[in-house]
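Remarks on the overall topology
As a plain string of letters, each chain reads:
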Amino acid sequence: SSGINAEWPLRPGIAVLCFLCVVIGIPANTISLNFFLKKTSNISTCIYIAITSTDLLTCIMVFPVGLSLSADRRDMMFSNSVFCSLWGIIWEFIPYYTAFLVFSLSILRTVALLKPFYRIKNKIVVSVLIGYAVFLMTRQVVGVILGYSDYKYQNSTAYCWNHATDPHFLVSDAVFSCLQLAFPILPITVSCITSSLVIFLKDSTDSNKSTQEMRRKATITIILFTLVYILFHVPVFLNYTRFIISMYVTGRFGQGVFYEKYIWLMTYVMTVALNSLFNPLIYLLRMSRFRLEAFKIFPSSI
């Protein structure tokens, strides 16, 4: 009875959040993707297209988790082993690739502010984005083929988890995850501070008011976007760090029922999904052209 009562407010609540990500996140990120695809092509636009595509994928992929939670943690769509493995591979890919995209967006914006006449070809940026995505996905697929990764549905977490038999691989995989998520945090924090200082100093000396205003708006948007990313992904990083320390100290995965049922679910799934749901709101608040595009689709919102 106490177990059911403990499950009641949290499990259905998280399921509702999953379905909100699906119902609101999919159309919102579809509108976002369509907006950036129609924009004049530049480096920032290329990265935004990759980010919105990843956010759209995230909102789609969270649906099976919500379905399992709403069905008292039964496997539902995850009962198919192929789908389970595919879901696990894609979901592990999403936070790593998002970290790289936010890092790229933030750093390249700072470079553009510091060296406004320095140009990087769009083809180079697109090639790097595609190349890194292929690298991450190949790493995940090869792990499954070689037997290092074995994704199976776990009732306590309500999603497909990597049940690799070798604990050393689990730890090394968690270390890789930590590095992937932690590496961008310091550079993008420094980048945000640098960008803020640059636009403040240049605003006081730049005589071209329109250029000054465009630069300021674009930079503030990217800074806000980056800060929101950090806010949602720091819990993911901290949980992986705690997992690594626990494995090295105790040599086992055991963490307690509540931890498995909710902490991993919130940090591994929900923070990533909510970040994808929140991003279109930043575009709506910060980009006037995006608002016009959205209002064309939903005229009653004006």
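These numbers come from a predicted model, not from an experiment.

What follows is about the overall build of the protein. Looking only at helices and strands, one finds 10 helices and 2 strands in the protein. Going residue by residue from the N terminus, the α and β elements of the protein occur as α-α-α-α-α-β-β-α-α-α-α-α. Classification of the 302 residues of the protein by burial places 48% in the buried group. Sequence-distant contacts, at least 24 apart, represent 78% of the contacts inside the protein between residues at least 6 apart. Within the structure as shown, the protein displays about 15,200 Å² of accessible surface, and the carbon and sulfur contribution to it stands at 71%.

Residues Val141, Val142, Ile145, Leu146 and Tyr148 make up a contiguous nonpolar surface patch of about 480 Å² in total accessible area. Counting through the fold element by element, Leu146 comes out in the loop between α5 (122-145) and β1 (151-154).

For the rest of this paragraph, the subject is helix α2 (residues 43-61). With 19 residues, α2 extends 27 Å between its outermost C-alpha atoms, agreeing within 8% with the 27 Å of an ideal straight helix rising 1.5 Å per residue. Burial analysis of α2 places 14 of its 19 residues in the buried class, which makes it a mostly covered element.

Attention now goes to the pairing of β1. Summarising the sheet, β1 and strand β2 (residues 159-162) pair through 4 bridges and their orientation is antiparallel. Pairing of Gln154 across the sheet is with Tyr159, part of β2. Between β1 and β2, which pair antiparallel in sequence order, lie 4 residues; one of them, Ala158, sits at a positive phi of approximately 70°.

Turning our eyes to something else, we now look at unusual backbone geometry. Backbone geometry at Asp72 places phi at a positive 60°, although glycine is not the residue there. Secondary-structure assignment places Asp72 in the loop between α3 (63-70) and α4 (81-114).

For the rest of this paragraph, the subject is the packing of α2 against α5. Remark: α2 packs on α5, axes separated minimally by 9 Å, with the N-to-C direction vectors making an angle of 25°. The orientation of α2 relative to α5 falls into the category roughly parallel. In this structure, α2 meets α5 at a crossing whose hand is right-handed. Residue-level contacts link Ile43, Cys46, Ile47 and Ala50 of α2 to Asn122, Val125, Val126 and Leu129 of α5. Taken together, the residues of the contact of α2 with α5 break down into 7 nonpolar, 1 polar and no charged.

Another aspect to go through is the nonpolar core. Core analysis: the biggest nonpolar cluster contains 65 residues, and Val65, Trp87, Trp91, Tyr97, Tyr159 and Val269 have the highest contact counts within it. Of all the secondary-structure elements, those providing two or more residues to this core are α1 (2-38), α2, α3, α4, α5, β2, α8 (209-250) and α9 (257-286). Looking at this core, the element that brings in the most residues is α4, giving 13 residues. Ignoring anything within four residues of it in the chain, the contact list for Tyr97 reads Ala50, Thr54, Leu129, Ile130, Tyr132, Ala133 and Leu136.

We now examine the side chain of Thr226. Locating Thr226 in the fold gives a position in helix α8. Take Thr226: its relative accessible area is 0%, and that puts it in the buried class. A polar contact of 2.7 Å, which involves the side chain of Thr226, links it to the backbone oxygen of Ile222. Beyond its immediate sequence surroundings of up to four residues, Thr226 is in contact with Val102, Ser106, Ile188 and Cys192.

Relative to the helices and strands, Ser44 resides in helix α2. Here Ser44 falls in the partly exposed class, since its relative accessible area comes to 24%. Between the C-alpha atoms of Ser44 and Arg109, which are 65 residues apart in sequence, the distance is 7.8 Å.

The next point concerns the pattern of salt bridges. Any two side chains of opposite charge can pair, given that their charged atoms come close. Going through the model one piece at a time under the given rule, you end up with 3 salt bridges. Here Asp72 and Arg11 are joined by a salt bridge, their closest N and O atoms 3.5 Å apart. Of this pair, Asp72 sits in the loop between α3 and α4 while Arg11 sits in helix α1, and the two are 61 residues apart along the sequence. Look at Arg11 and you get buried, because its relative accessible area is 14%. Measuring nitrogen to oxygen at the nearest pair gives 3.6 Å for the salt bridge that ties Asp150 to Lys152. A relative accessible area of 31% means that Asp150 is categorised as partly exposed. On the basis of relative accessible area, Lys152 is assigned to the partly exposed category, the value being 43%.

Reading the values: rules and limits
Residues numbered from 1 in each chain as written. Predicted model: local features only at pLDDT ≥ 70, side-chain atom pairs only at ≥ 80, totals over all residues. Heavy atoms only, no water. Helix = DSSP H or I, 4+ residues; strand = E, 2+ residues; numbered from the N terminus. Buried < 20%, exposed > 50% of the residue type's maximum accessible area, 1.4 Å probe, protein only. Contact = heavy atoms within 4.5 Å. Areas by Shrake-Rupley, 256 points an atom, 1.4 Å probe, with all protein chains shown as cover. Patch = residues over 30% accessible without salt bridge, like charges linked within 9 Å, V, L, I, M, F, W, Y side chains within 5 Å. Salt bridge = Lys/Arg side-chain N within 4 Å of Asp/Glu carboxyl O. Expected span 1.5 Å × (residues − 1). Pairing = 2+ DSSP bridges. Axes fitted to C-alpha atoms, helices over the stretch in contact; angles between N-to-C directions. Parallel < 35°, antiparallel > 145°, perpendicular 65-115°, else oblique. Left-handed = near helix turned anticlockwise from the far one by under 90°. Nonpolar A, V, L, I, M, F, W, Y, C, P; charged D, E, K, R; others polar. Core = buried A, V, L, I, M, F, W, Y, C linked by side-chain atoms within 4.5 Å. Polar contact = N/O pair within 3.5 Å; in protein donor to acceptor, adjacent residues only side chain to side chain.

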